[in-house]
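Okay, here's what each chain looks like letter by letter:
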Amino acid sequence: MKYPKTTMSELAKFFMVFLIAMGVLVSLPATVTAQEQDPGEEEEDPWADKEFPYEDDLLLTFFDTNQEISALQRSTQERIAETTEQFGLTRERFDQIGRAAQIGALQEGAFSNEEIEAFNQVAPQVTEIQREMQGMVQVIIGDSDMSMDEYRDILNTFRQDEELREYVSHLARERAREKILEERRREAKRKLEEEN
């Protein structure tokens, strides 16, 4: 059997790739071991010394409520965009005409008569969609056992305080991790009971 002729440069390339691959394989276990933790050693909590003006439970309630409100706002924006498009206006154009109407600049020729007419027809529908959303936001907040003032207060602090945002994300991740572990424990217990 004849093998294709290999040049020195091809051999050098192969050898170099081989060395790099071996280097990665050899260093991988060391990296993984360095990241693993001694079972008896507890991981330091980076938030242990931090204090926030809200209890953890309230922050998690805020997180869940805010997630629900954000989803509602996204769907509301989609509804508004669909509604304005039915009248031949993009959402951006609708907003431009709305701002011009607020400052009394509608008649300055920036918009066609058709656009103004479409705006006048669709604006009440958009207003109604926005009112529905506001009502639903109040229901969501009411169902969360938070007051509107509490929600707004936390939201304002949350927007301004990056450390609080990181902490709330940490709390949400920890809660999700605990739920997964609890689910695994239940599943293991169920399998054990089935085996017995």
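Look up a bit, the structure's there.
Please read these numbers as outputs of a predicted model, since none were measured by experiment.

> Can you break down the pattern of salt bridges residue by residue, with the values?
All told, the structure shown has 13 salt bridges when counted by the stated rule. Here D95 makes a salt bridge to R91, at a shortest N to O gap of 3.1 Å. One end of the pair is D95 and the other is R91, both in helix 3 (residues 91-102) and four residues apart, which spans about a single turn. Taking relative accessible area as the criterion, R91 reaches 22% and is therefore assigned partly exposed. Between E187 and R190 there is a salt bridge, and its shortest N-O distance comes to 2.3 Å. With E187 and R190 both in helix 6 (residues 162-195) and three residues apart, the pair spans about one turn of that helix. Judged by its relative accessible area of 28%, E187 is partly exposed. The class for R190 is partly exposed, based on a relative accessible area of 36%.

> I'd love a proper account of the packing of helix 2 (residues 56-86) against helix 5 (residues 148-160), names of residues and values included.
At a closest axis distance of 11 Å, the pairing of helix 2 and helix 5 adopts a crossing angle of 90°. Judged by the angle between their axes, helix 2 and helix 5 are roughly perpendicular. Of helix 5, the residues touching helix 2 (which contributes L58, L59, F62, T65, N66 and I69) are E150, Y151, I154, L155 and F158.

> Tell me what's going on with unusual backbone geometry, and back it up with residues and numbers.
Non-glycine residue D145 carries a positive phi angle of around 65°. The topology assignment puts D145 in the loop between helix 4 (113-143) and helix 5. Exposure remark for D145: the relative accessible area of 71% places this residue in the exposed category.

> So what's going on with helix 4? Residues and values would help.
Between its terminal C-alpha atoms helix 4 stretches 45 Å, which fits the 45 Å expected from 31 residues at 1.5 Å a residue. At V122, helix 4 is deflected by roughly 35°, the largest bend along its length, and proline P124 occurs up to four residues later in sequence. Taken as a whole, helix 4 has its buried residues at E115, I116, A118, F119, V122, A123, V126, I129, M133, V137, I140 and I141. Residues of helix 4 that are buried sit in contact with helix 2, helix 3 and helix 5. A positive phi of about 65° marks D145, the residue just after helix 4.

What counts and what doesn't
Residues numbered from 1 in each chain as written. Predicted model: local features only at pLDDT ≥ 70, side-chain atom pairs only at ≥ 80, totals over all residues. Heavy atoms only, no water. Salt bridge = Lys/Arg side-chain N within 4 Å of Asp/Glu carboxyl O. Helix = DSSP H or I, 4+ residues; strand = E, 2+ residues; numbered from the N terminus. Buried < 20%, exposed > 50% of the residue type's maximum accessible area, 1.4 Å probe, protein only. Axes fitted to C-alpha atoms, helices over the stretch in contact; angles between N-to-C directions. Parallel < 35°, antiparallel > 145°, perpendicular 65-115°, else oblique. Contact = heavy atoms within 4.5 Å. Expected span 1.5 Å × (residues − 1). Bend = angle between axes of the 7 residues up to and from the residue.

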